[in-house]
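Okay, here's what each chain looks like letter by letter:
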Amino acid sequence: MPNASKDSIPLRWGNLAGGNAPELLSPIEFIETDDASRPPRPGIALCLSGGGYRAMLFHVGSLLRLNELGLLPSIDRISSVSGGSITAGVLGLKWNKLNFQNNVAINFQTEVVEPIRRFAAKTIDVFSVLGGLVTGGAANRIAHEYRTYLFGNATLQDLPDPKPRFVINATNVQSKALWRFSRPYMWDWRVGKIENPKIELATAVAASSAFPPVLSPLELQLNPADFKANTGKDLQREPFTSEVVLTDGGVYDNLGLETAWKEYDTIWVSDAGGMYGPEEHPHRDPVRHTLRILDLLDNQVRSLRKRQVIGSYRCKARKGAYWSIWEDITEFRVATPLVCPFAKTQELARIATRLEGLDAEDQETLIN
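Residues numbered from 1 in each chain as written. Predicted model: local features only at pLDDT ≥ 70, side-chain atom pairs only at ≥ 80, totals over all residues. Heavy atoms only, no water.

Thoughts on a nonpolar patch on the surface
- On the surface, a nonpolar cluster with roughly 250 Å² of combined accessible area is contributed by I293, L296 and L297.
- By the element assignment, L297 lies in helix α8 (residues 286–314).
- What makes L297 exposed here is its relative accessible area of 51%. (Patch = residues over 30% accessible without salt bridge, like charges linked within 9 Å, V, L, I, M, F, W, Y side chains within 5 Å. Areas by Shrake-Rupley, 256 points an atom, 1.4 Å probe, with all protein chains shown as cover. Salt bridge = Lys/Arg side-chain N within 4 Å of Asp/Glu carboxyl O. Helix = DSSP H or I, 4+ residues; strand = E, 2+ residues; numbered from the N terminus. Buried < 20%, exposed > 50% of the residue type's maximum accessible area, 1.4 Å probe, protein only.)

Below you can see the structure in the form of structure tokens.
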């Protein structure tokens, strides 16, 4: 992999002038408990999108570049959804083992890249779906695979503290809100907060990547007494506090922006969302037709959020950077763009949003 400089990475930068973006430009919605007038605090948040193994490996490449530039230790928060949460989970688990010298982790390849690449060679979604038909839950089978190959019995308490804060996001099907997993707490603003949760990291990542309809939902059995009193807006009661039904975090927030945008003035977005082209003969059967419709919805929402993120940079409501697997690098208008044929990156962007094993060449090109 060639070395990269700050000028050679295809990023779009903006400058902060203070204050919040106009509501129509904001890529996230402020909820009732938010103080929308509070300005973001100084700091950097990195958002990792969904997209199955494609996203998992693309984000590995993003982290490699940031590490080469000595920027990883400057990140205050990493917010992730779906495939991005697999990468974030591994980074979080290995963070305290990274050997930083002059802000560069010299063992990043062995501690982070190699375990993810070994995992990326395995197909886990097909067998998890089939096994789920027998055992009653594909998401639980996915959690088992994550536990076996990546996380062991590590819990959210094994993530670093206090920096960077890792936030793994899922969607609560019951409350229609974001369910966030982190070391200090699990929280759904309507249901309430559990402090210092002992949930396994494999379970949190499986909830975040429970792509509907085949890998969803993941159910958490919780003790209502574990919730801190009066931390839920209107649903802090059973069954919302005892049987939590979760699906992919990308259903609610496909770029992982929500828990980052409200907190920090600098937002970096790594977008590995797929490219969905026209189909002359789309599938009519319920499962594959539903998947196609979900792809179209995801594409439209992601495009809208992307435009709002870039608009916020341009109106100086946030500093930041956005990079995408499906953008033409020449359109980023940097002085010395990396040489990267657009047709080839389009092929990578069309890799299916699955947890299907990839060969070494596809892995390398996605990372690079």
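Concerning the packing of helix α1 (residues 52–68) against helix α2 (residues 83–94)
- Contact geometry for α1 and α2: axes closest at 7 Å, N-to-C directions at 45°. Considered as vectors, α1 and α2 are oriented oblique to each other. Seen along the crossing, α1 lies across α2 with a hand that is right-handed. Residue-level inspection shows G52, A55, M56, H59, V60 and L63 of α1 in contact with α2, the latter providing G83, G84, I86, T87 and L91. (Axes fitted to C-alpha atoms, helices over the stretch in contact; angles between N-to-C directions. Parallel < 35°, antiparallel > 145°, perpendicular 65-115°, else oblique. Left-handed = near helix turned anticlockwise from the far one by under 90°. Contact = heavy atoms within 4.5 Å.)

A look at the side chain of T87
- One can find T87 in helix α2.
- A distance of 2.7 Å separates a polar side-chain atom of T87 from the backbone oxygen of M56.
- Residues in contact with T87, not counting those within four places in the same chain, are M56, H59, V60, L63 and I116. (Polar contact = N/O pair within 3.5 Å; in protein donor to acceptor, adjacent residues only side chain to side chain.)

Focus on the packing of α2 against helix α3 (residues 108–120)
- Contact pair α2 / α3: the axes reach a minimum separation of 10 Å and the direction vectors enclose 145°. For α2 against α3, the interelement crossing comes out right-handed. Contacts between α2 and α3 involve I86, T87, V90, L91 and K94 from the former and F108, E111, V112, P115, I116 and F119 from the latter.

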